[in-house]
Amino acid sequence: MISGTTGLIGLLGQPVRHSLSPVMQNAALEAMGLDWRYLALPCAESDLECVLTGLRAVNCRGLNVTIPHKQAVASYCTELSALASRLQAVNTLIPTDNGGWHGHNTDVEGFLAPLQTAAEAWNNSTAIVLGCGGSARAVVAGLQQLPLKAIHIAGRRDAVLAAFLNDLRQPVGEERVPLFGMPLERSRVRELLDQACLVVNTTPLGMEGHQNSSSMPLDREIWTDLTSSTTLYDLIYTPRPTPWLSLGAERGCLTIDGLEMLIQQGAASLRRWSGCSDVPVEVMREAALDSLASTRR
């Protein structure tokens, strides 16, 4: 039941109609007995500032932020966590006592969750990250916690990639995993594929509702020589599997989609909004899986 006391939390992005966040978050809110509701709120980049101001004015209890706003939203926060400040990317907004927003990033712990069960598999190996947007920042920060020997980031725009590397590189003497930049081009990525144990797609290519959902990063031909020694991790979870992951599975690759990352980052956000450490993660997972199954029928 929605009443005059029901609180609002939600997701800002464009597009958001594909998102499972409302399904899993509302299932968790019901299980926790919280009188809140979570909505997907489409927001154009040009409207971001006024939407954030308006939602704070009506006492919105918290927000998630997704493509394409994760970097832009940082400049509208009155506070940033140390992690969000380093990444200059925010996916979680918590209302502050002074009428502003505190920006944090829970994508890092969400991204790492499916990889930590086999951390030894990444020992002294190479990873490739496709894209250098807000989600890629969290991905690289997570990869820097694994025992990799190198991380290569492929970006389309030189200036954006340079800023990305500058923000994510750790001080000399502290850097555990070296970062390297390269153009997001077929030939350059293909040169490194034989060395890579892990390839992560952070671009929206292949996402349901985003341009051509049958597309995949770069082109199909580049991935035809993949072997079972490479793991493919696509942050997209609709459709499930994406065309890229389907091709990888045909080649014997271990494939991971973004569903568990979504669940774990969402649970971490809910802990911060509610102040409750005991968030029903399994309820969130079941709700997300049920929703995906119903859309396929």
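Our subject is the structure that appears above.
The paragraphs below set out a description of the structure included in this document. All residue numbers here refer to positions counted from 1 along the written sequence of the relevant chain. In view of the model being predicted, local features appear only for residues whose pLDDT reaches at least 70, and side-chain atom pairs are presented and counted only at 80 or more, with totals across whole chains, interfaces and linings using the full set of residues. Heavy atoms from the whole structure form the basis of all side-chain values; hydrogens and water molecules are not counted.

Another point: the overall build of the protein. Helix and strand counts for the protein stand at 10 helices and 12 strands. We take the radius of gyration over the C-alpha atoms and set the globule estimate at 2.2 Å times the residue count to the 0.38 power. Its C-alpha radius of gyration of 19 Å places the protein within 12% of the 19 Å reference for a compact globule of 297 residues. Structurally, the protein occupies a C-alpha span of about 60 × 50 × 35 Å along its principal axes. Accessible area is worked out with a 1.4 Å probe on protein chains only. A residue is then buried under 20% of its type maximum, exposed over 50%, and partly exposed in between. Per-residue burial over the protein gives 51% buried out of 297 residues. Contacts: residue pairs with any heavy atoms within 4.5 Å of one another. When contacts within the protein are restricted to residue pairs at least 6 apart in sequence, long-range pairs at least 24 apart make up 70% of them. Secondary structure elements follow DSSP: runs of H or I no shorter than four residues count as helices, runs of E no shorter than two count as strands, and numbering proceeds from the N terminus.

Here, a salt bridge means any Lys or Arg side-chain nitrogen found within 4 Å of an Asp or Glu carboxyl oxygen. In the structure shown here, the tally under the stated rule is 12 salt bridges. With a shortest N-O distance of 2.6 Å, Asp107 and Lys70 are connected by a salt bridge. Of this pair, Asp107 sits in helix H4 (residues 107-112) while Lys70 is found in the loop between strand E3 (62-65) and strand E4 (79-80), placing the two residues 37 residues apart along the sequence. Assigned by exposure class, Asp107 and Lys70 land together as buried.

So, on to the side chain of Thr96. The residue Thr96 is located in the loop between strand E5 (92-95) and strand E6 (101-104) in this model. Pairs of N or O atoms are called polar contacts if they sit within 3.5 Å, as long as, within protein, a hydrogen donor faces a hydrogen acceptor (for residues adjacent in sequence, only side-chain-to-side-chain pairs). Here the side chain of Thr96 touches Asn98 through a polar contact of 2.3 Å, side chain to side chain. Every residue in contact with Thr96, bar those within four places of it in the chain, is listed here: Arg56, Thr78, Glu79, Trp101 and His102.

What follows concerns the sheet that holds E6. The pairing criterion for strands is at least two bridges between them, as found by DSSP. Strand order across the open sheet formed by 6 strands is E2-E1-E3-E5-E6-E4, with mixed pairing between neighbours. Edge positions in the open sheet fall to strand E2 (36-42) and E4, since each of these has one partner strand only. With 4 bridges joining them, strand E1 (residues 7-13) and E3 adopt parallel strand pairing. Counterpart to Ile9 in the pairing with E3 is Gly62.

With that settled, the discussion passes to the nonpolar core. Here, nonpolar core refers to any group of buried Ala, Val, Leu, Ile, Met, Phe, Trp, Tyr and Cys residues whose side-chain atoms link them within 4.5 Å. Among the nonpolar cores identified, the biggest contains 33 residues, and Phe111, Leu115, Leu143, Leu148, Ile153, Leu198 and Tyr233 are the most heavily contacted of them. Elements with a minimum of two residues in this core: H4, strand E7 (126-130), helix H5 (134-143), strand E8 (150-155), helix H6 (158-168) and strand E10 (196-201). The element contributing the most residues to this core is H5, with 6 residues. Those residues in contact with Leu143, other than ones at most four positions away along the chain, are Phe111, Leu115, Ala127, Val129, Leu148, Ile151, Val177 and Leu198. With 22 residues, the next largest nonpolar core counts Leu20, Ile263, Val279 and Met284 among its residues.

Quick look at the environment of Thr203 now. If you trace the backbone, Thr203 turns up in the loop between E10 and strand E11 (231-234). Spatially, the C-alpha atoms of Thr203 and Gly155 are 9.9 Å apart, while their sequence positions differ by 48 residues. Engagement of the side chain of Thr203 in a polar contact is seen with the side chain of Asn201, the distance being 2.7 Å.

With axes taken as lines fitted to C-alpha atoms, and helix axes fitted only over the stretch in contact, angles between N-to-C directions fall between 0 and 180 degrees. Contact geometry of helix H1 (residues 21-32) with helix H9 (residues 259-274) gives a least axis separation of 11 Å together with a crossing angle of 45°. Relative to H9, H1 is oriented oblique. As H1 runs across H9, the sense of the crossing is right-handed. Touching Ser21, Met24, Gln25, Ala28, Leu29 and Met32 of H1 are Leu262, Ile263, Gly266, Leu270, Trp273 and Ser274, all from H9. Residue polarity follows a fixed list, in which Ala, Val, Leu, Ile, Met, Phe, Trp, Tyr, Cys and Pro are nonpolar, Asp, Glu, Lys and Arg are charged, and the others, Gly among them, are polar. When its residues are assigned to classes, the contact of H1 with H9 shows 8 nonpolar, 4 polar and no charged. For classification purposes, angles smaller than 35 degrees are called roughly parallel, those larger than 145 roughly antiparallel, those between 65 and 115 roughly perpendicular, and all remaining angles oblique. Left-handed describes a crossing whose near helix is turned anticlockwise from the far helix by less than a right angle; the clockwise case is right-handed.

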